[in-house]
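Each chain, written out:
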Amino acid sequence: MGDILIVDDERDIRELIGDILRDEGYTVRLAGTSEDCVAELERELPSLMILDIWLKDSKLDGIDILKKVKRETPEVPVIIISGHGNIEIAVAAIKQGAYDFIEKPFNIDQLMVVIGRAMETSRLRRENIELRRKDVTAADMIGNGAAMRALRAQLDKVTNSNGRVMFSGPAGSGKEIAARYVHANSNRASGPFVSVNSASVEPDRMEEVLFGRESAERGIEPGLLEQAHGGVIFFDEVGDMPLGTQSKILRVLTDQQFQRVGGSDKVHVDLRVISSTNRDLEAEVDAGTFRRELFHRLNVVPIRVPGLEERLEDIPELAEHFIADFNRTQGLPLRRLSDEAVALLQTMPWPGNVRQLKNVVERVLILGAERGDITAAELPQPGRGGEDGEGERMVLAASVAMLPLREARELFEREYLLTQINRFGGNISRTATFVGMERSALHRKLKSLNVVTTTRSGARVAQFSDEDDADQDEGPMQARAV
């Protein structure tokens, strides 16, 4: 049923409690001194501790052991027992994190009720940790395009270090997924992953949320830093963190300890810190809105997460993943994308990145047909269903209308080929097959249109260049097509 460690300097008491608990089906370990207790804790953590507050002939008393347990293994509930009980001792024990306090001589039925509740609390905490660990493991990095392969290679290099990583990239690009991937593949995978959304916490509550609080009325309320002990704390959009909190986080990173709000004891934590931002934090530092020391502490390993428009070739795989996930979690139809729908998704603008793609897929599954392929007509399209799109269509039409036919055709061909090359991750051979041209003919056309390919975020992307740049980059483009 569970492993319970009983710590009491009176042999008769600890053996009596032990015999009763064994009769109830529990596994029991006994310790008569603080030294024996520490040794048992180091050998294997129990599911529950029953701890006498007074321990004769020991270096530590019960309160000292309680502080140690709550500091190093806060998930283990501790029931304090004492033959010298009074309200001051009870308050002190609860304040330090004890689950409950029972005075000797105790009622066996009362003790069993408290033990049952404490064991249930311990079980729920373990299940919660395991569920969080499984959730992190399920945070796969979807996509096999060049940009994603380059990102995954960077992540694999940092998983088993304890170095602080800062992810940069546009909103919705998947920075938290990257952080969860690092955690799930590290030696801290069995520990918690705690995310702090710096923008969503009110500035006047940030310290209480992070550091926790202590009060005589409510005892110890652990903060997010304490909850992340042994695992990872992830500061999402760290640039939104208030300046006052930044200085205190800096001290935590330096000392790996802090004080709860309203408390006086130091709380020691073992954390790996990962952060993210969609801002230019160096510019924020120069503007005085972000602490320089904190930036350098967090930015030990900078990794950029590419936006969706830099990994268009991953869109089919991402969309299929979202369709399967919505089918599993919400019961939405399990449909496939038609080739026309895939082509449209790969040519659409994605200012909201992967998050926007997920929303589009969910909307189509909710509003669309129950079966059959998802068609291009079901997807949002530029120039349809809104003033903004219509405005873009009219501007484009006006600009083309003012050009001679040859220049208008050249403009269309350039934009069309840029779009197709980027759809296929810079692969000239695949582009040539799709557009129906010989590869050598496509190369000549690209050169005449001053279209070149360059490397960005590990992927090949096409762009318009002047004639000098086109001559300069012709070599890499030819090599990519082979």
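Just so it is clear, the structure is predicted and the values come from calculations on it, not from any experiment.

1. Brief notes about the packing of aromatic side chains
Any aromatic ring pair is given by two values, namely how distant the centres are and how the planes are angled relative to each other.
So, step 1. Scanning the entire structure with this criterion turns up 4 aromatic pairs.
So, step 2. Ring geometry for phenylalanine 412 against tyrosine 416: centres 5.7 Å apart, planes inclined by 20°, an arrangement best described as stacked. Taken together, the positions of phenylalanine 412 and tyrosine 416, both in helix 17 (residues 405–423) and 4 residues apart, correspond to about one turn of that helix.
So, step 3. Here phenylalanine 412 falls in the exposed class, since its relative accessible area comes to 54%.
So, step 4. Lying across the ring of phenylalanine 434, arginine 423 places its NZ or CZ 4.7 Å from the centre.

2. Considerations on the side chain of glutamine 96
So, step 1. Take glutamine 96: it is sitting in the loop between helix 4 (87–95) and strand 5 (100–103).
So, step 2. A distance of 3.4 Å separates the side chain of glutamine 96 from the side chain of aspartate 265, its partner in a polar contact.
So, step 3. Residues within four places of glutamine 96 in sequence aside, it is in contact with Ile63, Leu66, Lys67, Lys70, Ile220 and Asp265.

3. Overview of the environment of valine 78
So, step 1. Examined against the element boundaries, valine 78 turns out to sit in strand 4 (residues 78–82).
So, step 2. By relative accessible area, valine 78 is classed as buried at 0%.
So, step 3. Sequence separation between valine 78 and methionine 49 is 29 residues; the distance between their C-alpha atoms is 4.7 Å.

4. A word on helix 18 (residues 428–435)
So, step 1. Taken together, the buried positions of helix 18 are Ile428, Thr431, Ala432 and Val435. In a view along the axis of helix 18, the buried residues occupy a sector of 100°, so they form one face of it.
So, step 2. Looking at where helix 18 begins, the residue whose side-chain oxygen comes 3.1 Å from the main-chain nitrogen of serine 429 is asparagine 427.
So, step 3. A positive backbone phi angle near 80° is found at glycine 436, which sits one or two residues after helix 18.

5. Some remarks on the nonpolar core
So, step 1. Counting 30 residues, the largest nonpolar core has Leu225, Ile233, Phe235 and Ile249 as the members making the most contacts within it.
So, step 2. Only strand 7 (193–197), helix 8 (206–211), helix 9 (224–227), strand 10 (232–236), helix 10 (243–255), helix 11 (281–287) and helix 12 (292–298) provide two or more residues apiece to this core.
So, step 3. Setting aside its immediate chain neighbours within four residues, phenylalanine 235 contacts Val196, Leu210, Leu225, Met241, Ile249, Val273, Ile274, Ser275 and Ser276.
So, step 4. By size, the runner-up hydrophobic cluster in this structure holds 25 residues, among which are Leu312, Ala341, Leu344 and Leu357.

6. A closer look at helix 15 (residues 353–367)
So, step 1. Along its 15 residues, helix 15 runs 21 Å from first to last C-alpha, staying within 8% of the 21 Å computed at 1.5 Å per residue.
So, step 2. Asn353, Val354, Leu357, Val360, Val361, Val364 and Leu365 are the residues of helix 15 that are buried. Projection of helix 15 onto a plane perpendicular to its axis shows the buried side chains occupying an angular sector of 130°, all on one side. Residues of helix 15 that are exposed and point more than 90 degrees away from the buried face comprise Arg355, Ile366 and Leu367.
So, step 3. Along its buried surface, helix 15 packs onto helix 13 (315–330) and helix 14 (339–345).

7. Topic: the sheet that holds strand 6 (residues 165–168)
So, step 1. Taken in spatial order, the 5 strands make up an open sheet running 7-10-13-6-14, and their pairing is parallel. Two strands close off the open sheet at either side, each with one partner strand: strand 7 and strand 14 (301–304). With direction set aside, neighbouring strand axes in the sheet form an average angle of 20°.
So, step 2. The sheet contact formed by strand 6 and strand 13 (residues 272–277) spans 4 bridges and is parallel. Of the residues in strand 13, the one forming a bridge with valine 165 is isoleucine 274.
So, step 3. Contacts from helix 6 (residues 146–158) reach strand 6, strand 13 and strand 14, with the element oriented near 155° to strand 14.

8. Here we look at the pattern of salt bridges
So, step 1. For the coordinates displayed, the defined rule picks out 29 salt bridges.
So, step 2. Between glutamate 378 and arginine 335 there is a salt bridge whose closest N-O contact spans 2.9 Å. Pair noted here: glutamate 378 is in the loop between helix 15 and helix 16 (387–401) and arginine 335 is in the loop between helix 13 and helix 14, with a separation of 43 residues, a long-range link.
So, step 3. What emerges from the salt-bridge pattern is a single network uniting Asp3, Arg29, Glu40 and Arg43.

9. Some remarks on the pairing of strand 13
So, step 1. For strand 13, a buried count of 6 out of 6 residues is recorded, marking the element as mostly surrounded by other parts of the structure.
So, step 2. Of the two faces of strand 13, the one lined by Arg272, Ile274 and Ser276 and the one lined by Val273, Ser275 and Thr277 are each fully buried.
So, step 3. With 4 bridges connecting them, strand 10 and strand 13 associate as parallel partners. Bridge pairing links phenylalanine 235 to serine 275 in strand 13.

10. Points about unusual backbone geometry
So, step 1. Here aspartate 57, not a glycine, exhibits a phi torsion of approximately 55°, which is positive.
So, step 2. By relative accessible area, aspartate 57 is classed as exposed at 77%.
So, step 3. Of note, asparagine 353 is a non-glycine position whose phi angle comes to about 60°, a positive value.
So, step 4. Position of asparagine 353 relative to the elements: it lies in helix 15.
So, step 5. According to the relative accessible area criterion, asparagine 353 is buried, its value standing at 5%.

11. Topic: the packing of helix 6 against helix 7 (residues 175–184)
So, step 1. With their axes 9 Å apart at the nearest point, helix 6 and helix 7 run at an angle of 40° to one another. If you check the angle between helix 6 and helix 7, you find them oblique. In the packing of helix 6 onto helix 7, the handedness of the crossing is right-handed. On helix 7, the residues that touch Arg152, Leu155, Asp156 and Val158 of helix 6 are Ala178, Tyr181 and Val182.
So, step 2. Residue composition of the contact of helix 6 with helix 7, grouped by class: 5 nonpolar, no polar and 2 charged.

The rules behind the values
Residues numbered from 1 in each chain as written. Predicted model: local features only at pLDDT ≥ 70, side-chain atom pairs only at ≥ 80, totals over all residues. Heavy atoms only, no water. Phe/Tyr/Trp six-rings, centres within 6.5 Å; stacked < 30°, edge-to-face > 60°. Helix = DSSP H or I, 4+ residues; strand = E, 2+ residues; numbered from the N terminus. Buried < 20%, exposed > 50% of the residue type's maximum accessible area, 1.4 Å probe, protein only. Lys NZ or Arg CZ within 6 Å of the ring centre and 35° of its normal. Polar contact = N/O pair within 3.5 Å; in protein donor to acceptor, adjacent residues only side chain to side chain. Contact = heavy atoms within 4.5 Å. Arc of directions from axis to C-beta. Core = buried A, V, L, I, M, F, W, Y, C linked by side-chain atoms within 4.5 Å. Expected span 1.5 Å × (residues − 1). Pairing = 2+ DSSP bridges. Axes fitted to C-alpha atoms, helices over the stretch in contact; angles between N-to-C directions. Salt bridge = Lys/Arg side-chain N within 4 Å of Asp/Glu carboxyl O. Parallel < 35°, antiparallel > 145°, perpendicular 65-115°, else oblique. Left-handed = near helix turned anticlockwise from the far one by under 90°. Nonpolar A, V, L, I, M, F, W, Y, C, P; charged D, E, K, R; others polar.

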